[in-house]
Amino acid sequence: MQTVKSSPARIFRWAVALALALSASVVSQSSINVAGATVDDTPEGSWGVDGRVYATQIVGSTVFVGGTFTTARGPAGFTATRTNLAAFDMVTGDLLTAWQANTPGIVRALETDGTSLYIGGDFTGVGGTRRDMLAKVSLTSGAVDPTFHPTLNGAVRAIEVDGSSVYAGGGFTRVENQPRQRVAKFSRSGVLDNQFHPSVNSRVVALAKAPGQPRLYIGGRFDSVGGQGRVGVAGLDATTGALVGPGFIASARPTLGLEVNADGSRLYGAGGSRGPTGNTASAWNTSSGARIWHQRAMGDIQAIEFFEGVVYFGFHAGYKGDTAIKVVRVSAADGEVQSAFRPRFDRFWGVLAIDASRRGVVVGGDFTQVSGVSARNWARFLDPQSPPAEP
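Residues numbered from 1 in each chain as written. Predicted model: local features only at pLDDT ≥ 70, side-chain atom pairs only at ≥ 80, totals over all residues. Heavy atoms only, no water.

K.L.:
What's the story with the overall build of the protein chain in this structure? I'm lost.
P.N.:
When helices and strands are tallied, the protein chain shows 1 helix and 34 strands. Considering only intrachain contacts with a sequence separation of at least 6, the fraction spanning at least 24 residues in the protein chain is 44%. As displayed, the protein chain has an accessible area near 14800 Å², and 50% of this comes from carbon and sulfur atoms. (Helix = DSSP H or I, 4+ residues; strand = E, 2+ residues; numbered from the N terminus. Contact = heavy atoms within 4.5 Å. Areas by Shrake-Rupley, 256 points an atom, 1.4 Å probe, with all protein chains shown as cover.)

Have a look at this one:
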């Protein structure tokens, strides 16, 4: 494992960033811890996969990746069949050979409740067991949960779990043969919630909810929610699905990813498409809908992650004229770019998924090298300040 020593200049930058965050009275307590800024921009060597990665999820010392691939390949050339879903060790990068949950179609979304892994996508089975677009599997083996088996008539593109509830968003219009317009709510055992009835006029590809807060945020290709105009981003009542809260200034259609801070006061969005609001990562005040900051890339912002006072956003094409840059890290408080983190990617489509934990940051997408290190479609950047045993 690579060891990264903190230079005096880097320590000074962290101290300044922390001081600025502490001095900003409008910033919530959840956004002033900048521990995530210690991640180095050179990835560790790892097993890879032979196709695009659309979803990543870190659970303890395990990294789950989902997408469209058929094979996992090790640095020494060893291969193993893994169809659209695989698990790796976060510390070593090795394939977890005992974990398997192959799917016959694309995996687009991964989420955990800490005890199970929820999988969404465009598939009709997991591990040989019939499942329609949404499934729940064991974190330790990949075995399919026999009690969780909702049936949806279209692909799932996003999942959010909070408390006893599981939310799914996508292109579907019916769940258990009942009308559900692109967002649905289930119990953890897969029972459809009959109180939750949102109406969204086009595909939902992003969900975000602060723990215990009453609002669910949705992002996607829509421009109407509950019969009212909302462009790419909207808030829903987490119990009824009714439209709540403001419109979000300069939101993009589509919005391809959403994150919210712990107290629900700030929303972060990944904006796609060209135009005055496109290709932008944005932060909004959730009470007023005012945009606090934004950063523009050369292509769609395809993924976004908020973690301990920083925001990572990934994209294709490039950033400020540099076509090798596909992910940027900024302060969650004011959007200031933290240039110490600047990995370089070898392929156009770049970063399509991001997750972060106290162990480090994982990105997935379409690439074969990152900062000169072989990285087949996913890469892990370890936090050298996190003890190996820390979850």
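K.L.:
Please clarify how the side chain of D113 should be interpreted in this entry.
P.N.:
Secondary-structure assignment places D113 in the loop between β7 (106–112) and β8 (116–122). Residue class for D113 comes out buried when judged on its relative accessible area of 17%. Of note is the side chain of D113, whose polar atom sits 3.3 Å from the side chain of R188. In this view, D113 contacts Y118, V161 and R188; residues no more than four positions away in its chain are not counted. (Buried < 20%, exposed > 50% of the residue type's maximum accessible area, 1.4 Å probe, protein only. Polar contact = N/O pair within 3.5 Å; in protein donor to acceptor, adjacent residues only side chain to side chain.)

K.L.:
Hey, could you run me through the side chain of T103 in this one?
P.N.:
For T103, the position within the fold is in the loop between β6 (85–89) and β7. Among the residues examined, T103 registers a relative accessible area of 3% and is labelled buried. Here T103 is in contact with T83, N84, F123, G125 and V126, once residues within four sequence places are set aside.

K.L.:
What should I look at first to understand unusual backbone geometry in this one?
P.N.:
Glycine aside, residues mostly have negative phi, and peptide bonds are mostly found in the trans state. Of note, the amide linkage connecting R253 to P254 takes the cis form, showing an omega dihedral of 10°. Note that P254 resides in the loop between β22 (243–244) and β23 (255–260). Notably, M133 is not glycine yet its phi reads approximately 75°, a positive angle. The residue M133 is located in the loop between β10 (129–130) and β11 (134–138) in this model.

K.L.:
Which parts of the structure should I look at to understand the pairing of strand β12 (residues 156–162)?
P.N.:
For a regular strand, the rule is simple: side chains alternate between the two faces of the sheet. A large share of β12 lies buried, amounting to 6 of its 7 residues. Pairing of β12 with strand β13 (residues 165–170), which is carried by 6 bridges, proceeds in the antiparallel orientation. Paired with V161 across the strands is V166, a residue of β13. (Pairing = 2+ DSSP bridges.)

K.L.:
Teacher, can you tell me more about the environment of D89 here?
P.N.:
Mapped onto the secondary structure, D89 falls in strand β6. Excluding its chain neighbours within four sequence positions, the residues that come into contact with D89 are S61, D94, L96 and R380. Only 2.9 Å separates the side chain of D89 from the backbone nitrogen of T92, close enough to count as a polar contact.

K.L.:
Which parts of the structure should I look at to understand the sheet that holds strand β21 (residues 233–237)?
P.N.:
Pairing between the strands of a sheet is mediated by backbone hydrogen bonds and can be parallel or antiparallel. Sheet architecture is open: 4 strands sit in the order β17-β18-β21-β22, paired in antiparallel fashion. Looking at the sheet topology across the chains shown, the edges are occupied by β17 (204–208) and β22. Looking at chain direction, β17 and strand β18 (residues 215–220) are connected through 4 bridges and run antiparallel. Bridge assignment links A208 to a residue of β18, and that residue is Y217.

K.L.:
Mind showing me how you'd approach the environment of R131 here?
P.N.:
Turning to its location among the elements, R131 is positioned in the loop between β10 and β11. Residue classification places R131 among the buried positions, given a relative accessible area of 8%. With 18 residues separating them along the chain, R131 and H149 place their C-alpha atoms 6.2 Å apart. Not counting residues up to four positions away in its chain, the partners in contact with R131 are F123, T124, G125, V126, V144, D145, P146, F148 and H149.

K.L.:
Could you clarify how one ought to interpret the pattern of salt bridges in this entry?
P.N.:
For side chains bearing opposite charge, pairing can occur when the charged atoms are close. As enumerated under the stated definition, the model contains 10 salt bridges in all. We note a salt bridge from K136 to D145, for which the minimum N-O separation is 3.7 Å. With its nearest N and O atoms 2.5 Å apart, the salt bridge here joins K209 to D162. Of this pair, K209 sits in the loop between β17 and β18 while D162 sits in strand β12, placing them 47 residues apart in sequence. (Salt bridge = Lys/Arg side-chain N within 4 Å of Asp/Glu carboxyl O.)

K.L.:
Teacher, can you tell me more about the nonpolar core here?
P.N.:
Grouped together as the largest cluster of nonpolar side chains are 18 residues, with contacts concentrated most on I354, V361, V363 and F381. Where this core is concerned, the elements lending two or more residues are β27 (301–307), β28 (310–315), β30 (350–357), β31 (360–366) and β34 (378–382). In terms of residue count, β30 provides more of this core than any other element does, 3 residues in total. With residues near it in sequence (within four places) discarded, V361 still touches V39, M90, Y312, I354, D355, A356, A379, R380 and F381. (Core = buried A, V, L, I, M, F, W, Y, C linked by side-chain atoms within 4.5 Å.)

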